[in-house]
Structures are given as structure tokens and as C-alpha cells.
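Residue-level listing of the chains:
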Amino acid sequence: MSTSDLLTDDDLQELTGYTYPSKQAEFLASNGINYLRRRDGKVRTTWYNVNHPNGHRADPTTEPDFSQIA
């Protein structure tokens, strides 16, 4: 298994403790785990996202300080 492999439905249920995709998404979001929602409503994420919550992505709620740029 590669760290970028997708979690199965069983993996997601085991990780989140929920069966319903809406509750799984709520759990993942509250724990900083990035995920996608498929057209059928199911949630998908990778083991990388689980093992690296919030990764090295910038916080979208903050802006850089441009005042020091000449």
C-alpha cells in the first residue's frame, strides 16, 4: 500500500466512526484532513492526507504581510 492510496469505504468508516458520508466529511474537516466529495456524495481521501492533516498548505484565512516589500 502506498501512502497516496485512497481509503476504502471500510477504511473511512473505521477512521471516522461514521457510516454516512456527511458525517465522515464533518469528521475529516474538523480534523484538518483534506478530502473530496464524489458526484454520488461519497467522501474520498488518501492515506497521505490522513497522515499529514493540513499538510504544508497555507492558512487561507490569513494574508501575507506585504508591508515589508519595497
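Residues numbered from 1 in each chain as written. Predicted model: local features only at pLDDT ≥ 70, side-chain atom pairs only at ≥ 80, totals over all residues. Heavy atoms only, no water.

1. Comments concerning the side chain of T16
No. 1: Considering the arrangement of structural elements, one finds T16 in helix α1 (residues 9-16).
No. 2: Since its relative accessible area comes to 7%, T16 is described here as buried.
No. 3: Of the polar contacts made by the side chain of T16, one reaches the backbone oxygen of L12; its length is 2.7 Å.
No. 4: A polar contact of 3.1 Å, which involves the side chain of T16, links it to the backbone nitrogen of Y18. (Helix = DSSP H or I, 4+ residues; strand = E, 2+ residues; numbered from the N terminus. Buried < 20%, exposed > 50% of the residue type's maximum accessible area, 1.4 Å probe, protein only. Polar contact = N/O pair within 3.5 Å; in protein donor to acceptor, adjacent residues only side chain to side chain.)

2. Quick notes on the packing of α1 against helix α2 (residues 21-30)
No. 1: Their axes nearest at 10 Å, the elements α1 and α2 cross at an angle of 60°. Between α1 and α2, the angle falls in the class oblique. You can see that α1 and α2 cross each other, and the crossing is left-handed. Touching L12, Q13, L15 and T16 of α1 are Q24, F27 and L28, all from α2. (Axes fitted to C-alpha atoms, helices over the stretch in contact; angles between N-to-C directions. Parallel < 35°, antiparallel > 145°, perpendicular 65-115°, else oblique. Left-handed = near helix turned anticlockwise from the far one by under 90°. Contact = heavy atoms within 4.5 Å.)

3. Some remarks on the pattern of salt bridges
No. 1: Applying the stated criterion across every chain, the model contains four salt bridges.
No. 2: Here D9 and K42 are joined by a salt bridge, their closest N and O atoms 3.2 Å apart. Here D9 is found in helix α1, whereas its partner K42 is found in the loop between β1 (36-37) and β2 (43-44), with 33 residues between them in sequence.
No. 3: Of the charged contacts, one joins R44 and D9 as a salt bridge, the two residues approaching to 2.7 Å between their closest N and O atoms. With R44 in strand β2 and D9 in helix α1, the pair connects residues that are 35 residues apart, well separated along the chain.
No. 4: Classification of R44 by relative accessible area gives buried; the value is 15%.
No. 5: Residue classification places D9 among the partly exposed positions, given a relative accessible area of 37%. (Salt bridge = Lys/Arg side-chain N within 4 Å of Asp/Glu carboxyl O.)

Keep in mind that these numbers describe shape and distance, not what the molecule does.
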